Amino acid sequence: MTDNKLQPIKDKMFLSARARQYLLDLFNDGTYTPGEQLPSETELATQLGISRPTLREALHDLESEGAIIRKHGVGTFVASSYNHRLETGLERLESVLTLARQQGSLVHCTDLLVKVESASLEEANKLQIEHGSALTSISRIIVVDHKPSAFMLDLVPASILPPEDVDSSFKGSVLDLLGQKHDLHAAWAVTDIVACSADEQLAENLNVPLGQALLLLEELLYNAEGLPLEFSLNYFVPNLFRFHLVRR
């Protein structure tokens, strides 16, 4: 890697955002590789033609996203996990665990907690069931290649998935379990993608700093008849996952 590949950023609008994207482009094209140390802030700001405060804002965003690691008194490094992300299109209804295994990753779930809850009014409306109906609540941490990578919470009407069905055969995916045990297959889904920050519980579960940027997928799965099967909240560490959407 040679620093003469860097070019000053000439567009002065939203410089910190442009600096962030420019650095990501350098990571993606191999100018800087995972684990490699970046030039000092002074050098980098000079090479990009921006001020140090602007650069610091861009670096702060990249650190929050998990793309870089800043070591006090040592320097700034491209995260070793960068570009080792699981990638899938949201138009494909397959579990993250299936995806991980297809890409050759080691994957398992930990901290599995299964319990019965009463559906809140919001949950009942989403799942088209009576307020207070029994829900099977399934929470767990998904570990990919020995790294806590996602925290998942699924809510399924107990009439569809009784809690006792989440037994030792469960590998972490409710989507897979419904198909295997009950021949219930999701035909389509509605997914909301939300940026959020790790609270104390999520930070502990995912072994990330408090306030770390996370990607939340709120998903409602439907069968072929248009009836809801389950509602899930899936929190992903963003530097370990990449989702894309095909629009037609």
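In case you missed it, the structure is sitting above this.
Here goes a summary of the coordinates provided. Here the structure is a predicted model, which means the values were calculated and not measured. (Residues numbered from 1 in each chain as written. Predicted model: local features only at pLDDT ≥ 70, side-chain atom pairs only at ≥ 80, totals over all residues. Heavy atoms only, no water.)

1. Observations concerning the overall build of the chain
Helices and strands together make up the secondary structure of the chain, namely 7 helices and 10 strands. Element-wise, carbon and sulfur atoms account for 51% of the exposed surface of the chain, whose accessible area totals about 13100 Å². (Helix = DSSP H or I, 4+ residues; strand = E, 2+ residues; numbered from the N terminus. Areas by Shrake-Rupley, 256 points an atom, 1.4 Å probe, with all protein chains shown as cover.)

2. Details of the nonpolar core
Ranked by internal contacts, the top residues of the largest apolar core, which has 22 residues, are L214 and Y235. Every element with two or more residues in this core is listed here: helix 5 (121–127), strand 5 (134–144), strand 6 (147–157), helix 7 (200–206), strand 8 (213–222) and strand 9 (228–236). Broken down by element, this core gets its largest block of residues, 4 residues, from strand 8. Setting aside anything within four residues of it in sequence, one finds L214 in contact with V194, A195, C196, A198, L202, L206, Y235, F236, V237 and P238. (Core = buried A, V, L, I, M, F, W, Y, C linked by side-chain atoms within 4.5 Å. Buried < 20%, exposed > 50% of the residue type's maximum accessible area, 1.4 Å probe, protein only. Contact = heavy atoms within 4.5 Å.)

3. Quick word on the pattern of salt bridges
Under the counting rule described, the total for this entry stands at 5 salt bridges. A salt bridge links E41 to R56, with the shortest nitrogen-to-oxygen separation between them at 2.9 Å. In this pair, E41 sits in helix 2 (residues 41–48) while R56 sits in helix 3 (residues 52–64), placing the two residues 15 residues apart along the sequence. Owing to a relative accessible area of 38%, R56 belongs among the partly exposed residues under this scheme. The salt bridge involving K115 is made with E117; its shortest N-O contact spans 3.6 Å. Residue K115 is classed as partly exposed on the basis of its relative accessible area, which comes to 39%. (Salt bridge = Lys/Arg side-chain N within 4 Å of Asp/Glu carboxyl O.)

4. Digging into the environment of S16
Tracing the backbone through its elements, the reader meets S16 in helix 1 (residues 15–28). In this structure S16 comes out as buried when scored by relative accessible area, which is 13%. Note: C-alpha distance between S16 and T54 (38 residues apart in sequence) is 5.2 Å. Not counting residues within four places of it along the chain, the set of residues in contact with S16 comprises T54, E57 and A58.

5. Quick look at helix 2
Of the residues making up helix 2, those classed as buried are E41, L44, A45 and L48. Seen along its axis, helix 2 keeps its buried residues to an arc of 95 degrees; they face one direction. After helix 2 finishes, the residue G49 shows a positive phi value of roughly 70 degrees. (Arc of directions from axis to C-beta.)

6. Let's talk about the pairing of strand 9
Taken residue by residue, a regular strand's side chains alternate between the two faces of the sheet. Burial analysis of strand 9 places 9 of its 9 residues in the buried class, the great majority of the element. By the bridge criterion, 6 bridges tie strand 6 to strand 9 in an arrangement that is antiparallel. Bridged to D154 within strand 9 is S232. Summarising the sheet, strand 8 and strand 9 pair through 8 bridges and their orientation is antiparallel. If you follow L220 over to strand 9, its bridge partner there is F231. Hairpin connection from strand 8 to strand 9: 5 residues lie between these consecutive antiparallel strands, with G226 at a positive phi of about 85 degrees. (Pairing = 2+ DSSP bridges.)

7. Quick look at unusual backbone geometry
Even without glycine at this site, D111 takes up a positive phi of about 55 degrees. Tracing the sequence through the fold places D111 in strand 4 (residues 107–118). Given a relative accessible area of 56%, D111 falls into the exposed group. Phi angles above zero are rare outside glycine, and Q128 is one such case at about 55 degrees.

8. Some points on the side chain of S139
Considering the arrangement of structural elements, one finds S139 in strand 5. With a relative accessible area of 12%, S139 lands in the buried category. With sequence-adjacent residues up to four places away left out, S139 is seen in contact with D111, L112, L113, F151, M152 and L153.

9. Things to note about a negative patch on the surface
Taken together, the side chains of D111, D199, E200 and E204 define an acidic patch exposed on the protein surface. Tracing the backbone through its elements, the reader meets E200 in helix 7. With a relative accessible area of 64%, E200 lands in the exposed category. (Patch = residues over 30% accessible without salt bridge, like charges linked within 9 Å, V, L, I, M, F, W, Y side chains within 5 Å. Lys, Arg positive; Asp, Glu negative; His and termini not counted. Charge placed at Lys NZ, Arg CZ, Asp CG, Glu CD.)

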